[in-house]
Amino acid sequence: MQQNLTKRYYSISEVAIMFNVNISKLRYWQEQFPTINPKRDRAGDRKYTQDDINQIREIFILIEEEGHTIEGAKNALEKRRARKNANQEVVRTLVGLRDFLKKVRDSLEQGDDSSL
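Residues numbered from 1 in each chain as written. Predicted model: local features only at pLDDT ≥ 70, side-chain atom pairs only at ≥ 80, totals over all residues. Heavy atoms only, no water.

1. So, the nonpolar core
Core analysis: the biggest nonpolar cluster contains 23 residues, and L26, W29 and F33 have the highest contact counts within it. Only α1 (12-19), α2 (23-32), α3 (50-65) and α4 (70-110) provide two or more residues apiece to this core. Other than its neighbours up to four places away in sequence, W29 contacts I36, I56, I59, F60, I63, E64 and I70. (Core = buried A, V, L, I, M, F, W, Y, C linked by side-chain atoms within 4.5 Å. Buried < 20%, exposed > 50% of the residue type's maximum accessible area, 1.4 Å probe, protein only. Helix = DSSP H or I, 4+ residues; strand = E, 2+ residues; numbered from the N terminus. Contact = heavy atoms within 4.5 Å.)

Laid out in structure tokens, this is it:
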């Protein structure tokens, strides 16, 4: 299932082949998971980006390989996003602390404590 994606957009039939699922299942997943949001061309055909395919891969693993229900997959994805958001907040805090410590170091190197 891990493939090198070389095109910018993929048709629904190409994506269905990638995951060995029916086109109707992809349409259903799109209804159930709003994060899957393929663009549409002038004819109204779905055009999937690499990001869409990555999201489908995550859903495919949860449902088809791990055996989650749709609701179970939604819950699992929400928990992952919550952990990711918490991790991003920790990273932001650490970056702010690092920047502050750099200012302290620079100030000490210059012998000036007025900038603290």
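2. A short note on the UniProt feature "domain: HTH merR-type" (unreviewed entry) in the chain
Here the UniProt-annotated "domain: HTH merR-type" (unreviewed entry) positions come out as residues 9-79. The distance separating the terminal C-alpha atoms of residues 9-79 is 29 Å; by composition the span is 62% helix and 10% strand. (UniProt positions renumbered as here; feature names shortened; annotations may be inferred.)

3. Examining the side chain of S11
Among the structural elements, S11 can be located in strand β1 (residues 10-11). A residue is classified by how much of its surface remains accessible, and S11, at 17% relative accessible area, is buried. Not counting chain neighbours up to four residues away, the residues in contact with S11 comprise R46, K47 and Y48.

4. Brief notes about α1
Looking at α1, one finds that the buried residues are I12, V15, A16, M18 and F19. Angularly, the buried residues of α1 cover 155° about the axis, an arc narrow enough to put them on a single face. Check the buried side of α1 and you find it contacts β1, α2, β3 (46-48) and α3. Positive backbone phi, at 55°, marks N20, one or two positions downstream of α1. (Arc of directions from axis to C-beta.)

5. With respect to α3
Along α3, the residues that are buried comprise D52, I53, Q55, I56, R57, I59, F60, L62 and I63. Where the residues of α3 are buried, they touch β1, α1, α2, β3 and α4.

6. Some points on the sheet that holds β3
Pairing in this open sheet of 3 strands is antiparallel, and the strands run β1-β3-β2 from one edge to the other. The open sheet has two free edges, formed respectively by β1 and β2 (39-40), since each of these has just one partner strand. Of the strand pairs in this sheet, β1 and β3 are connected by 2 bridges, and their pairing is antiparallel. Within β3, the position partnered with Y10 by the bridge is Y48. (Pairing = 2+ DSSP bridges.)

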